[in-house]
Amino acid sequence: MITPSGRRRRADAASSVADMDEQRGPGAGPPERWRPGGPPRWRRHGPPGWIRRAAGRDEDPEPAGRSRWPWPSTVLLTAFVLIGSGFADHAQTGERVALDPPGRVLLFVSGALLLWRWRHPVAVLCGTVAAVLLYLGAGYPYGPVLLTVAVACFTAVVSGRRYAAWAAMGALWAGHLLIVHVLYRWLPPSGDDAAPWTEEIVVATWAVALLAVSELARVRREQWARERAERARAERRRADEERLRIARELHDVLAHSISVINVQAGVGLALLDSDPEQARTALTTIKAKSKEALGEVRQVLDTLRAPGAAPRTPAPGLDRLPELVEQAASAGLTVTVEGAPPRLSPGADLAAFRIVQEALTNVVRHSGSREARVHIERRERRLRLLVDDDGPATGADAGGTGNGLAGMRERAAALGGTIEAGTRPDGGFRVLALLPIDSEEDR
């Protein structure tokens, strides 16, 4: 039998385990194979296509042929070489050796090797060069067999094996030079003469042109990869900035509103029996403040549902400073405002409002003082905001390491301004913000 206290202990233990898992964060817990009934394998690691597409956004993805076998192009090219060499054999009858089965095997091998051209570009290039030299050395007719070398060379250069491609093409030219000017006396066909040097100039020009086109394609491909990676980084940077902006907005809205609601709820509970009217006033404030917070949160979420759309309500600015003073007064904080806000750009106006709001919220939550002072001053092209309270601090988070102060610093830095926050020598706390009146964000 499980007693109520036993159920509470089990619930507390379950809650503690859940909290520990949440603190570990993703990937910090035990492996999935330790957990019975864990998610299926594709849920843990993601479908392969997603992984390849995600990696391709910020890294140079492999060409399409690397991820799968290039069957269609290889079959078409091999068939073209075999058929074209058959026509060349008829056209060169009596001049070269007739195309027999060994010659067709060499043609087939030189074309079939291209099936591995994206996986092993250097080996394929060397294999095609060797097959072509054997074919030419055997005296078979000239034809489209050199096309296999061209494709293999292009693939090697585009894959980044530049020096190997240059060396292989040099070996092809040197081998052809050796065959037609030195070894022709002992190689078929019999009675053949040395080839004219103009033919060697044509072969060398063809090889250099092929390498030049391949290098141009490689440079262009690398440029596309850099541009693609830069676009991916820019998109990721914009997403991070938008995420931080929304996090700041939600924090500022919820922290301020919930602080006021918390104070008013405490007042209502304390006066519920002794002073029902005052408790009713506190509940009315809670209702109004929660409605306002919901409206602002809805406005932030609307920007997520329709990115780029104009907001339905204008962003808050220092013109709403009297509302902040009134809300702080309902939480038991007396705020004195000195100076008048100048005309600001929309970004600077919103940042100034949120900074004052967060500073007053911190006074309500972390300071024992019930008075605060807000000083607004324009100094040349900058706005100086000063929020002071007399302390003492009542919480451990008053040292300036919370998300609120981090958000204020991020807002000021985004506009090119600065934030200084810390305890004063007399025990109070001070927030000093310097913001440009015309922010770069709004230009």
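Above this note sits the structure.
Given the structure is predicted, the values throughout are model-derived calculations rather than measurements.

Criteria and thresholds
- Residues numbered from 1 in each chain as written.
- Predicted model: local features only at pLDDT ≥ 70, side-chain atom pairs only at ≥ 80, totals over all residues.
- Heavy atoms only, no water.
- Helix = DSSP H or I, 4+ residues; strand = E, 2+ residues; numbered from the N terminus.
- Areas by Shrake-Rupley, 256 points an atom, 1.4 Å probe, with all protein chains shown as cover.
- Pairing = 2+ DSSP bridges.
- Axes fitted to C-alpha atoms, helices over the stretch in contact; angles between N-to-C directions.
- Contact = heavy atoms within 4.5 Å.
- Core = buried A, V, L, I, M, F, W, Y, C linked by side-chain atoms within 4.5 Å.
- Buried < 20%, exposed > 50% of the residue type's maximum accessible area, 1.4 Å probe, protein only.
- Parallel < 35°, antiparallel > 145°, perpendicular 65-115°, else oblique.
- Left-handed = near helix turned anticlockwise from the far one by under 90°.
- Nonpolar A, V, L, I, M, F, W, Y, C, P; charged D, E, K, R; others polar.
- Salt bridge = Lys/Arg side-chain N within 4 Å of Asp/Glu carboxyl O.

Quick look at the overall build of the protein
And step 1. For the protein, the helix and strand inventory stands at 14 helices and 5 strands.
And step 2. Carbon and sulfur atoms form 60% of the exposed surface of the protein, whose accessible area is close to 26200 Å².

Here's the deal with the sheet that holds strand β4 (residues 418-423)
And step 1. One open sheet accounts for 5 strands, arranged β1-β2-β3-β5-β4; its pairing is mixed. Of all strands in the sheet, those bounded by a partner on one side alone are β1 (334-338) and β4. Ignoring which end each strand starts from, the neighbouring axes of this sheet average 10° apart.
And step 2. By the bridge criterion, 8 bridges tie strand β2 (residues 371-379) to strand β3 (residues 382-389) in an arrangement that is antiparallel. Of the residues in β3, the one forming a bridge with Arg-379 is Arg-382.
And step 3. Each of β4 and β5 (429-436) touches helix α14 (residues 403-415); the most contacted strand, β4, lies at about 155° to it.

Examining unusual backbone geometry
And step 1. Going from Pro-188 to Pro-189, the amide bond is cis rather than trans, its omega being 0°.
And step 2. Of note, Pro-189 is situated in the loop between α9 (162-181) and α10 (197-271).
And step 3. Of note, the phi angle at Glu-380 is positive, near 55°, even though the residue is not glycine.
And step 4. Mapped onto the secondary structure, Glu-380 falls in the loop between β2 and β3.

Let's talk about the nonpolar core
And step 1. Counting residues in hydrophobic clusters, the biggest one holds 34 residues, and the most contacted among them are Leu-333, Val-356, Leu-360 and Leu-383.
And step 2. Elements with a contribution of two residues or more to this core: α12 (321-330), α13 (346-366), β2, β3, α14 and β5.
And step 3. Take this core: its biggest share by element is 10 residues, from α13.
And step 4. Look past the residues within four positions of Leu-360 in its chain and what remains in contact with it is Leu-324, Leu-333, Val-335, Ala-372, Val-374 and Val-387.

Brief notes about the packing of helix α8 (residues 146-158) against α9
And step 1. It is at 8 Å that the axes of α8 and α9 come closest, and there the two elements cross at 155°. When the axes of α8 and α9 are compared, the pair comes out roughly antiparallel. In the crossing of α8 with α9, the sense of the turn from one axis to the other is left-handed. Every residue of α9 that contacts α8 at Val-149, Cys-153, Ala-156 and Val-157 is listed here: Arg-162, Ala-165, Met-169 and Leu-172.
And step 2. Here the contact of α8 with α9 is built from residues that sort into 7 nonpolar, no polar and 1 charged.

Some remarks on the environment of Asn-403
And step 1. Residue position: Asn-403 is located in helix α14.
And step 2. We classify Asn-403 as exposed; its relative accessible area is 63%.
And step 3. Along the backbone, Asn-403 and Arg-248 are 155 residues apart, and their C-alpha atoms lie at a distance of 8.5 Å.

Topic: the pattern of salt bridges
And step 1. One pass over the full model with this rule turns up 13 salt bridges.
And step 2. Residue Glu-230 pairs with Arg-233 through a salt bridge whose shortest N-O separation is 2.9 Å. Remark: Arg-233 and Glu-230 occur in helix α10; sequence separation between them is 3 residues, near one turn of the helix.
And step 3. What makes Arg-233 partly exposed here is its relative accessible area of 38%.
And step 4. The partner of Asp-390 in a salt bridge is Arg-424, and the shortest N-O contact between them spans 3.0 Å. Remark: Arg-424 occurs in the loop between β4 and β5 and Asp-390 occurs in the loop between β3 and α14; sequence separation between them is 34 residues.
And step 5. Shared partners join several salt bridges into a network, and the residues in it are Arg-373, Asp-388, Asp-390, Arg-424, Asp-426 and Arg-430.

Some details on the environment of Leu-254
And step 1. Mapped onto the elements of the fold, Leu-254 is located in helix α10.
And step 2. Residues Leu-254 and Glu-296, spaced 42 residues apart in sequence, show a C-alpha to C-alpha distance of 9.1 Å.
And step 3. Each residue touching Leu-254, except ones within four places of it in the same chain, is listed here: Ser-259 and Val-297.

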